[in-house]
Amino acid sequence: MTKKQRKVLIRIIISAILLIIVKLLPVKGPVEIVLYMIPYLVIGYDILKKAALGIIHGQVFDECFLMAVATVGAMALGEYVEAAAVMLFYQMGELFQSYAVGKSRKNITALMDIRPDYANLEVDGKVETVDPDDVEVGSIILVQPGEKVPLDGVVREGNASLDTGALTGESVPREVKEGDEVISGCVNLNGVLRIETTKEFEESTVSKILDMVENSSMKKARMENFITRFAKYYTPAVCFGALAIAFLPPLVNILMGNDPLWSQWIIRALTTLVISCPCALVISIPLSFFGGIGGASANGILVKGSNYLEMLSKTKYLVCDKTGTLTKGVFEVTEICPSQGGSKDELLKVAAYAESYSNHPISKSLKNAYAKDIVAEEVKDVEEISGRGVKANVFGKQVAVGNSKLMEELSLVPAVPQKVGTEIHVACDGVYQGYILISDVIKSTAKTAVTRLKNRGVKRVIMLTGDSKKVADAVAKELGINDVRSELLPGDKVEEVERILAAKGKGEYVAFVGDGINDAPVLSRVDLGIAMGAMGSDAAIEAADIVLMDDDPGKIALAMEISKKTLAIVHQNIVFSLFIKFGCLALGAIGYVNMWWAIFADVGVMVLAVLNATRALVYKRG
Amino acid sequence: MKKTYKIEVDCANCAAKMEEATKKIEGVDNATVSFMTQKMKVEFAEGAEESAVMEQVVKACKKVESDCEVYL
């Protein structure tokens, strides 16, 4: 509790005690008024002052004004207890609200407690503790067990397990060793690391993430803007409504020759004012969004604005990239099939040697499968044939490794594999030797992610890929995706997305999920760009609206669930608050609601709405 | 040029009012006030003098919400 809040709490207690004492005292007349003024002023002086200042500054219609008019009016009509009580409960409501909001804010900041406070900088062999801001690129820093990595860099010495939980929501630690890149914000669990920094603090991952989360509430959701606009017209409208209730019926009564009943109608008008305070909506809706964004970031899902969280819940079309998004993007040898008489090991060895000069993912997978050291001198005259493969002299033989087109060009007849995958055929001295199949591996969570998304109201999941039709169809079938566009060039992907955007209905959004590599044009074209596996990839963080820190497709579904839950809370609050308020307003105008009910309709509704909003923050990790 | 300031404001409605008031100040291209993060982000117009503009901003904010604080 802040100092300001504590002061209000003390005032509430004093004023409540005073009010009870005065109520019990057997006094009547002018003394009673003076006595009731004491608790009333103790609790309400600042409200009255603010209302007065508001009028002076031309800002008439605000909550303070509503409260001041209502309570002063009640005082004037002799409803002393009610007047003081309304002020008392109003202040209690405000206190509760500011406490709850402060608490959520703290919770969210705690979830994002990744800001490193210091760095251990190595200067001339000695270690100094400095502000991370002061560390220059290329400096050597030490990170001890239990400390946060303060800046992005490369490990120069040491091994350790890093807890990336605060960044990704992932509970399994990541092992790093010499030569590995580390990103700031991870916590070193065991070993000591000597790290050479590669970025300044401002450019480091941790700064970027914090910046994004802190600015996220600046991008307001449509719903938030609606409420702000609503409050702007609502409060004056209610004031004039109250004025009408106070004067019109009595005037009509006078014209009809009846008793005007002034005090009765004025009290009804004052009740209307108390009920109508818009705080329940104005406070609970941004709080819900803020909570939703906080809950998401605790799970490694960074949402760049409330508006994106809102859009996500209305996403009907999800376009996915295949490689790196639904599949691991790491190729593995799945089958080695030598033609009659050949040995598997020999086939793999020849292919791995021939491809040893290339850095293509396919070559890497061959080398990984071979797993033995390659003697570089045995490979000569390497000739890469783009879109075909490689020719080289290996162990003195003329070897060709590549796709079926390469084999056909050498007038050989390649075998046709039964299984699906990327085919690598091998020929030695003009004789066909067999083929190796390489496949990308589908991520373990991809299938359930697709099912979950469909259950959450996504109409179509569409997979776009540059890969061959055969491979794409096989992956799609396994994941349960019906819409596949394969063999696309990067430009074709944008065209496909344009087509989907043109076909969508009103109020429906199209999201694109990619791994952030080569996806920038598509990410910026769609309504909602989602980049995954952003740890370390700046381009993805810049281009996307939602960033998944790790590359788990299940997080897309989780993000959607969080967004749906947040929006559900927002809707509940709007409907609930307006229902109670308009209900009480209608009953109040005809005299069925007294001042006490009015207080509930104002403060009670706000407390319930705020409590409901704090639910948005709670989202289990997983 | 964009700059972020720490602020102190008690209610969301007041924050919205401060935002409106700030946007109207000459030399301010756009402004957002976040009640949740207690921050104000101001985009200054080309060639605007930051300190002079912010003085006006603070004045305007105090006018709509007497309790608010803007830390320059």
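Going by the structure above, here's the rest.
Read on for a plain summary of the structure. Just so we're clear, the structure is a prediction, and the values are computed from it rather than from any experiment. (Residues numbered from 1 in each chain as written. Chains lettered and ligands numbered in written order. Predicted model: local features only at pLDDT ≥ 70, side-chain atom pairs only at ≥ 80, totals over all residues.)

## What about the overall build of chain B?
Next, step 1: Secondary structure assignment for chain B yields 2 helices and 4 strands.
Next, step 2: Traced from its N-terminal end to its C-terminal end, chain B shows the element sequence β-α-β-β-α-β.
Next, step 3: Taking 72 residues into account, the globule formula puts the C-alpha radius of gyration at 11 Å, and chain B, at 11 Å, falls close to it.
Next, step 4: Principal axes of the C-alpha set define a box for chain B whose edges measure 35 × 20 × 20 Å. (Helix = DSSP H or I, 4+ residues; strand = E, 2+ residues; numbered from the N terminus. Rg over C-alpha atoms; globule rule 2.2 N^0.38 Å.)

## Some thoughts on the interface of chain A and chain B
Next, step 1: Listed by partner, the interface residues are 18 residues for chain A and 15 residues for chain B.
Next, step 2: Elements with a contribution of two residues or more to the side of chain A that touches chain B: helix H2 (30-56), helix H4 (80-111), helix H7 (222-255) and helix H9 (279-298) of chain A.
Next, step 3: Examining the composition of the side of chain A that touches chain B, we find that 5 residues originate from one element, H9 of chain A, more than from any other. (Contact = placed C-beta atoms within 7 Å.)

## Examining the sheet that holds strand S9 (residues 193-197) of chain A
Residue and element names in this part refer to chain A.
Next, step 1: Taken together, 6 strands build an open sheet; the order of strands is S2-S1-S3-S9-S4-S7 and the sheet is antiparallel. Whereas interior strands pair on both sides, the edge strands pair on one side only; in this sheet they are strand S2 (126-130) and strand S7 (181-182).
Next, step 2: For strand S4 (residues 153-157) and S9, the ladder comprises 4 bridges, and the chain directions are antiparallel. If you follow Val154 over to S9, its bridge partner there is Glu196. (Pairing = 2+ DSSP bridges.)

## Some points on helix H2 (residues 50-64) of chain B
Residue and element names in this part refer to chain B.
Next, step 1: In this model, H2 (15 residues) spans 21 Å end to end at C-alpha, consistent with the 21 Å of a helix rising 1.5 Å per residue.
Next, step 2: Those residues of H2 that fall on the buried side of the exposure criterion are Met54, Val57, Val58, Ala60, Cys61 and Val64. Seen along its axis, H2 keeps its buried residues to an arc of 165°; they face one direction. Looking at H2, the residues exposed on the side facing more than 90 degrees away from the buried face are Ser51, Ala52 and Lys59. (Expected span 1.5 Å × (residues − 1). Buried ≥ 20, exposed ≤ 12 C-beta atoms within 10 Å, placed from the backbone. Arc of directions from axis to C-beta.)

## Topic: the sheet that holds strand S13 (residues 379-385) of chain A
Residue and element names in this part refer to chain A.
Next, step 1: The strand order S12-S17-S16-S15-S14-S13 describes an open sheet built from 6 strands, whose pairing is antiparallel. This sheet does not close on itself; its edge strands, each paired only once, are strand S12 (327-338) and S13. Neighbour-to-neighbour, the strand axes of this sheet turn through a mean angle of 20°, independent of strand direction. (Axes fitted to C-alpha atoms, helices over the stretch in contact; angles between N-to-C directions.)

## Remarks on helix H16 (residues 490-503) of chain A
Next, step 1: Taking 1.5 Å of rise per residue, the 14 residues of H16 of chain A would be expected to cover 20 Å, and the 21 Å separating its terminal C-alpha atoms lies within 8% of that figure.
Next, step 2: If you follow the buried residues of H16 of chain A, they end up packed against strand S11 (315-321), strand S18 (460-464), strand S20 (509-514) and helix H17 (520-525) of chain A.

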